[in-house]
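Commentary on secondary and tertiary structure
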Amino acid sequence: MIPFSNKIISKNFLYLNYILYLIPFSMIIGNFAINFVSIISCILLVSIILSDKPHLRFNIKELTIILSAVLLLFINLIYSENLIFSVKKLFGLFKYLILSIAIFYCCTHSEKFYLTFLKIIFFTVLFVSTDSIIQFFLNYDIFGFKPKLFLDTNNEIIFKRLTGPFGDELVPGSFIAKFGFLSLILLSIKKKEKLIYIFLFYFIFVVFLTGERSAFIMICFTSLIFIILDNRSYMIKILLISTLIMFFTFTFQNNRNILNHYQNFNLTKSSETISIINNFQDTQWGAHYLTAIEIFKENIFFGSGLGSFRFKCSDKSYDNINSKLKYARCSSHPHNIYLEILSETGIFIFFLFIFLNLKIFYSLFKEIFFKKNELGLLLFCNYIVLFNPFQTTGSFFSTWTGIF
């Protein structure tokens, strides 16, 4: 458990609590709501620091890392392909760093906030899941939003993608996958071990129905890690894994729309069928990755500037990348946070990013294997969902991915 210090009762602290409670809801409403809540939270935290003068301690190593990162990010601006856009992205990054400090500050100073925040996350994920289920079976959710239909040449439905309460955004599966394990911490604290698996399987099922293949792969992969590392007998683990396999086999066999969607894993802008596994470089994502690597080669030390991929990718010097879809190499970001950070910020910040990741990984590793802590295992699984390098992702510096 977090060592709480319930001494802070200032009005600004209470206001900050109430604003932070809105974070999960703001993600459903959209980017404007996310940014509004984030900015107000940052302002309130600064006001607390100025008025209440809380005792914030940083050791020499932490200060060195923070100052080094700030210095490198400002040097990165000098080399940016688009200075104004990079400055905007830099402010967004600082905003989420301050927001993370605000959440940590409130969690460690108020047990009530800590538990309430977890409850809100849990019930928000449950709401998104249930609303998506309703949309799947009724073809509209409780707000009247309809799923996105994909038709063939005869206007017959090939498959449908769920949007849940997100309107026309195809993200409910990603939302559930990225918040799922974090939401289950509430059940772990309440010692509801059996309910953890019930809700985990429910979340997996909903992500499966959304048709978001990357999110489904990640939540299945991390769920497998959770089952293997959880403190249960081997017979129970085998039973749980077998149940998952049988369930998805049954679902595939009895729902042609879902089967069509997961069979057609080769959706690209090319009419040519491409095997993603065997020829990843010849997919659109492979073209993004290769382009990011080439951008890095030209900007090894300080990168090409935050958010610059969208401006650099169309350069003719990248026409010769080894991909059949090199003409589709451009996007707003490379679709992999590691390649995005490497190409846009350079080798120094990338190594700093890797160092911090390894530090987090090691801390969670100790919680799992030395302390046998289920809460640590849930955090570890959530960490894998967010930072697994072998997946396509949103932009690290975007509003949607940044808030996670």
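Cut-offs used in this document
- Residues numbered from 1 in each chain as written.
- Predicted model: local features only at pLDDT ≥ 70, side-chain atom pairs only at ≥ 80, totals over all residues.
- Heavy atoms only, no water.
- Helix = DSSP H or I, 4+ residues; strand = E, 2+ residues; numbered from the N terminus.
- Buried < 20%, exposed > 50% of the residue type's maximum accessible area, 1.4 Å probe, protein only.
- Lys, Arg positive; Asp, Glu negative; His and termini not counted.
- Salt bridge = Lys/Arg side-chain N within 4 Å of Asp/Glu carboxyl O.
- Polar contact = N/O pair within 3.5 Å; in protein donor to acceptor, adjacent residues only side chain to side chain.
- Phe/Tyr/Trp six-rings, centres within 6.5 Å; stacked < 30°, edge-to-face > 60°.
- Lys NZ or Arg CZ within 6 Å of the ring centre and 35° of its normal.
- pLDDT = per-residue confidence, 0-100.
- Contact = heavy atoms within 4.5 Å.
- Axes fitted to C-alpha atoms, helices over the stretch in contact; angles between N-to-C directions.
- Parallel < 35°, antiparallel > 145°, perpendicular 65-115°, else oblique.
- Left-handed = near helix turned anticlockwise from the far one by under 90°.
- Nonpolar A, V, L, I, M, F, W, Y, C, P; charged D, E, K, R; others polar.
- Expected span 1.5 Å × (residues − 1).
- Arc of directions from axis to C-beta.
- Disulfide = S-S within 2.5 Å.

**So, the side chain of S129**
- Topologically, S129 is positioned in helix α6 (residues 111–138).
- On the accessibility criterion, S129 (0% relative accessible area) is buried.

**Some details on the side chain of D282**
- Tracing the sequence through the fold places D282 in the loop between α12 (256–263) and α13 (284–298).
- Buried and unpaired, D282 has K324 as its nearest opposite-charge partner, separated by 4.5 Å.
- Within the local environment of D282, its side chain forms a polar contact with the backbone nitrogen of K324, the two atoms lying 3.0 Å apart.

**Describing the packing of aromatic side chains**
- Within this structure, the stated rule accounts for 39 aromatic pairs.
- Taken together, a centroid distance of 5.1 Å and an interplanar angle of 80° make the contact between F122 and F123 edge-to-face.
- When the centroid spacing of 6.2 Å and the interplanar angle of 50° are considered together, the rings of F353 and F387 count as tilted. One end of the pair, F353, is in helix α16 (residues 347–369); the other, F387, is in helix α17 (residues 374–387), with 34 residues separating them in the sequence.
- Take F353: its relative accessible area is 12%, and that puts it in the buried class.
- Through pairs of rings, three or more aromatic residues link up here, namely Y338, F353, F361, F380, Y383, F387, F396 and F397.
- Lying across the ring of F136, K160 places its NZ or CZ 4.7 Å from the centre.

**Re the pattern of salt bridges**
- Under the definition given, this model contains five salt bridges.
- One salt bridge in this structure joins K297 and E294, with 3.3 Å as the shortest N-O distance. With a gap of three residues between them, K297 and E294 both fall in helix α13, about one helical turn apart.
- The exposure class of E294 is partly exposed, given its relative accessible area of 27%.
- Salt-bridge contacts for D315 lead to K312; the nearest nitrogen and oxygen are separated by 3.5 Å.
- In this structure, a network of salt bridges that share partners links the residues E81, E298, K312 and D315.

**Some words on the confidence of the model for the protein**
- Confidence in the prediction for the protein averages 86 pLDDT; 87% of positions are at 70 or higher.
- Confidence over residues 266–274 falls short of pLDDT 50; this stretch has 17 contacts with residues more than four positions distant or in other chains.

**A few points about the packing of helix α7 (residues 172–183) against helix α9 (residues 193–210)**
- Look at α7 against α9: their axes get within 9 Å of each other, and the N-to-C directions meet at 165°. Taken together, the axes of α7 and α9 lie roughly antiparallel to each other. α7 and α9 meet at a crossing whose hand is left-handed. Where α7 abuts α9, its residues P172, G173, I176, A177, G180, F181 and S183 lie against L200, F203, V206, V207 and T210.
- Taken together, the residues of the contact of α7 with α9 break down into eight nonpolar, four polar and no charged.

**A short note on helix α3 (residues 31–51)**
- Along its 21 residues, α3 runs 30 Å from first to last C-alpha, staying within 8% of the 30 Å computed at 1.5 Å per residue.
- Inspection of α3 places A33, I34, V37, S38, S41, C42, L44, L45 and I48 among the buried residues, and these make up the whole buried set. Along α3, the residues classed as buried sweep out an arc of 165° about the axis, all on the same side. In α3, those exposed residues whose orientation departs by more than 90 degrees from the buried face are F32, I43 and L50.
- Its buried side turned inward, α3 meets α1 (11–20), α2 (23–29), α5 (83–109) and α18 (399–403).

**Some remarks on the state of the cysteines**
- Scanning the entire structure with this criterion turns up one disulfide.
- In this model C313 forms its disulfide with C330; the gap between the sulfur atoms is 2.2 Å. In this structure, the disulfide formed by C313 and C330 twists by about 115° around the S-S bond and is classed as right-handed. Here the residue C313 occupies a position in the loop between α14 (309–312) and α15 (337–345), and C330 occupies one in the loop between α14 and α15, the gap between them amounting to 17 residues.
- Here C330 falls in the partly exposed class, since its relative accessible area comes to 34%.

**Examining unusual backbone geometry**
- The phi torsion at N139 lies on the positive side, around 70°, for a residue other than glycine.
- Assignment of secondary structure puts N139 in the loop between α6 and β1 (148–151).
- For K191, which is not glycine, the phi dihedral falls at a positive 60°.
- Locating K191 in the fold gives a position in the loop between α8 (185–189) and α9.
- According to the relative accessible area criterion, K191 is exposed, its value standing at 61%.

**A closer look at the packing of α7 against α17**
- It is the contact of α7 with α17, at a shortest axis distance of 8 Å, that shows an interaxial angle of 170°. One way to sum up the angle between α7 and α17 is to call them roughly antiparallel. Remark: the crossing between α7 and α17 carries left-handed chirality. In this structure, α7 contributes A177, K178, F179, G180, F181 and L182 to the contact, and α17 contributes L378, L379, C381, N382, V385 and L386.
- The residue makeup of the contact of α7 with α17, split by class, is nine nonpolar, two polar and one charged.

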